Amino acid sequence: MPLACNEGGFVVTYEIMDKKYVGSGIVLLLLTVLLVAGGRYQYRKLSSDRAANETLSTATEEPKKEEISETASAPEDPSEEVLYRAVPADVVTAEGLRVNHPENAEAGKIIYLTFDDGPCMYTAKLLGILDKYNVKATFFVTDMTPEYEYMIYEEKSSGHSVGVHSYSHVYDKIYESEDAFWADFNLMNNVIYKYTGEKTDIIRFPGGSSNEISKFNPGIMTRLVAETGDRGLYYFDWNVICGDADGAKTSAEIYNNIVNGIAEKIPTLEDGEEIVILCHDNHEITVNAMEDVINWGLDQGYTFLPLTKDSYPKHHTIHN
Ligand SMILES: [Zn+2]
């Protein structure tokens, strides 16, 4: 049935179709609605997934951006640079530290750090601390812990002095006779030779030249001291103790003993005498105190040097 064509669109078309086309049109319409609805769902789902992904990627990427920007801005201001260096001690560079300069040593402002009874399990850590500040020290070595005797090579090659203390460090044995003493001395100097390629000419008597533990053999210290000169050797005692062999229990005590000991010693120093500190590297508290001791010494204008045969011969009064 013909109808006016200008009544418009869908209704007109619908009216002129026969029933078969009308049925097909309804199916098409439903399919279209379903497709559009499905498409909109898919779009929404994709959008929400993308949003979720963006949230995730934001969470993982943002800290990286911050890290990069912080690192990049650090060197701009020198004061900031110092702050950055001060926090992680392990990555502090040598140029960021006040370090020891042996070539600038001045008479009256010298400290000789001396370490007896090693090498041992703490010696490597101590060498690391000394190296960090370019501090040179003196090791009077023993063979009490032979598994660490190879550290003598590390000591010498790091620029420290190595002297004989004792092979066995057993007082009854080494002070039994002069022969026994020099036999023990030679054993230790042979170990030093094995690791450094040279024998040493410096020595510290076990207990010091002033020891009284050797009195079971009257006069032996007097005779041994005289013989060091005959053998072309140089012996060294000390004038400040850190107290690690006298009951100190903490690194703070070690530090205080050294700082106070130096203050007490200074007024009585003889002409040419310098500070010689007795320490033992087989005491962990002593090793752990060294960084503070070194920083204090450098702040006070001291230079740390290793003992050599030309150093001021700090000798105790002999009691046996
Ligand atoms: Zn000793």
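Being a predicted model, the structure only gives us computed values, none of them experimental.

**Student:** Can you tell me about unusual backbone geometry, naming the residues and giving the values?
**Tutor:** A cis amide bond, omega -5°, links Gly118 with the succeeding residue Pro119. Among the secondary structure elements, Pro119 is positioned in the loop between strand 1 (110–116) and helix 4 (123–132). Backbone geometry at Asp117 places phi at a positive 80°, although glycine is not the residue there. You can see Asp117 is positioned in the loop between strand 1 and helix 4. The class of Asp117 is buried, set by 22 C-beta atoms lying within 10 Å. The phi dihedral of Asn134 is positive, around 55°, even though this residue is not glycine. Its location among the elements puts Asn134 in the loop between helix 4 and strand 2 (138–142).

**Student:** Report on the nonpolar core, specifying residues and quantitative values.
**Tutor:** Of all hydrophobic cores here, the largest spans 55 residues; its most connected members are Tyr112, Leu113, Ile258, Ile277 and Phe304. If we skip the residues at most four places from it in the chain, Leu113 touches Ala137, Ile277, Cys279 and Phe304.

**Student:** Break down the confidence of the model for the protein chain for me, with residues and values.
**Tutor:** The predicted model of the protein chain has a mean per-residue pLDDT of 80, with 70% of residues at 70 or higher. Counting interchain partners and residues more than four positions distant, the pLDDT-below-50 stretch residues 1–18 has eight contacts. Below pLDDT 50 for its whole length, residues 38–94 participates in eight contacts with residues either more than four positions away or in separate chains.

**Student:** Tell me about the pairing of strand 7 (residues 275–280), residues and numbers included.
**Tutor:** Taking burial as the measure, the six residues of strand 7 include five buried ones, the bulk of the element. Here strand 1 runs beside strand 7; their pairing, made up of six bridges, is parallel. Note on strand 7: the bridge partner recorded for Asp116 is His280. Read from strand 6 (residues 240–241) through helix 9 (residues 251–265) to strand 7, the crossover connection turns out right-handed.

**Student:** Could you give an account of helix 10 (residues 284–299), with specific residues and numbers?
**Tutor:** Taking 1.5 Å of rise per residue, 16 residues should cover 22 Å, and helix 10 covers 24 Å from first to last C-alpha, within 8% of that figure. Within helix 10, the axis deviates most sharply at Met290, by approximately 35°. Among the residues making up helix 10, those that are buried are Thr286, Val287, Ala289, Met290, Val293, Ile294 and Gly297. Looking at the buried side of helix 10, the elements it contacts are strand 1, helix 4, helix 9, strand 7 and strand 8 (303–304). Backbone geometry just after helix 10 places Gly301 at a positive phi near 85°.

**Student:** Help me get a handle on helix 9, residues and values and all.
**Tutor:** The terminal C-alpha atoms of helix 9, which comprises 15 residues, lie 21 Å apart, in line with the 21 Å expected from a rise of 1.5 Å per residue. For helix 9, the complete set of buried residues consists of Ser251, Ile254, Tyr255, Asn257, Ile258 and Ile262. The arc that holds every buried residue of helix 9, seen down its axis, measures 160°, which confines them to one face. Those residues of helix 9 that are exposed and angled more than 90 degrees off the buried face are Asn260, Ala263 and Glu264. Buried residues in helix 9 make contact with strand 6, strand 7 and helix 10.

**Student:** How would you sum up the packing of helix 4 against helix 10? Please name residues and give values.
**Tutor:** Packing of helix 4 against helix 10 leaves a shortest axis separation of 9 Å and a crossing angle of 5°. Between helix 4 and helix 10, the crossing angle belongs to the class labelled roughly parallel. Between helix 4, through Lys125, Leu126 and Ile129, and helix 10, the contact on the second element is made entirely by Val287, Met290 and Glu291. Its residues placed into classes, the contact of helix 4 with helix 10 shows four nonpolar, no polar and two charged.

Cut-offs used in this document
- Residues numbered from 1 in each chain as written.
- Predicted model: local features only at pLDDT ≥ 70, side-chain atom pairs only at ≥ 80, totals over all residues.
- Helix = DSSP H or I, 4+ residues; strand = E, 2+ residues; numbered from the N terminus.
- Buried ≥ 20, exposed ≤ 12 C-beta atoms within 10 Å, placed from the backbone.
- Core = buried A, V, L, I, M, F, W, Y, C linked by C-beta atoms within 7 Å.
- Contact = placed C-beta atoms within 7 Å.
- pLDDT = per-residue confidence, 0-100.
- Pairing = 2+ DSSP bridges.
- Right-handed = clockwise from strand over helix to strand, strands pointing away.
- Expected span 1.5 Å × (residues − 1).
- Bend = angle between axes of the 7 residues up to and from the residue.
- Arc of directions from axis to C-beta.
- Axes fitted to C-alpha atoms, helices over the stretch in contact; angles between N-to-C directions.
- Parallel < 35°, antiparallel > 145°, perpendicular 65-115°, else oblique.
- Nonpolar A, V, L, I, M, F, W, Y, C, P; charged D, E, K, R; others polar.

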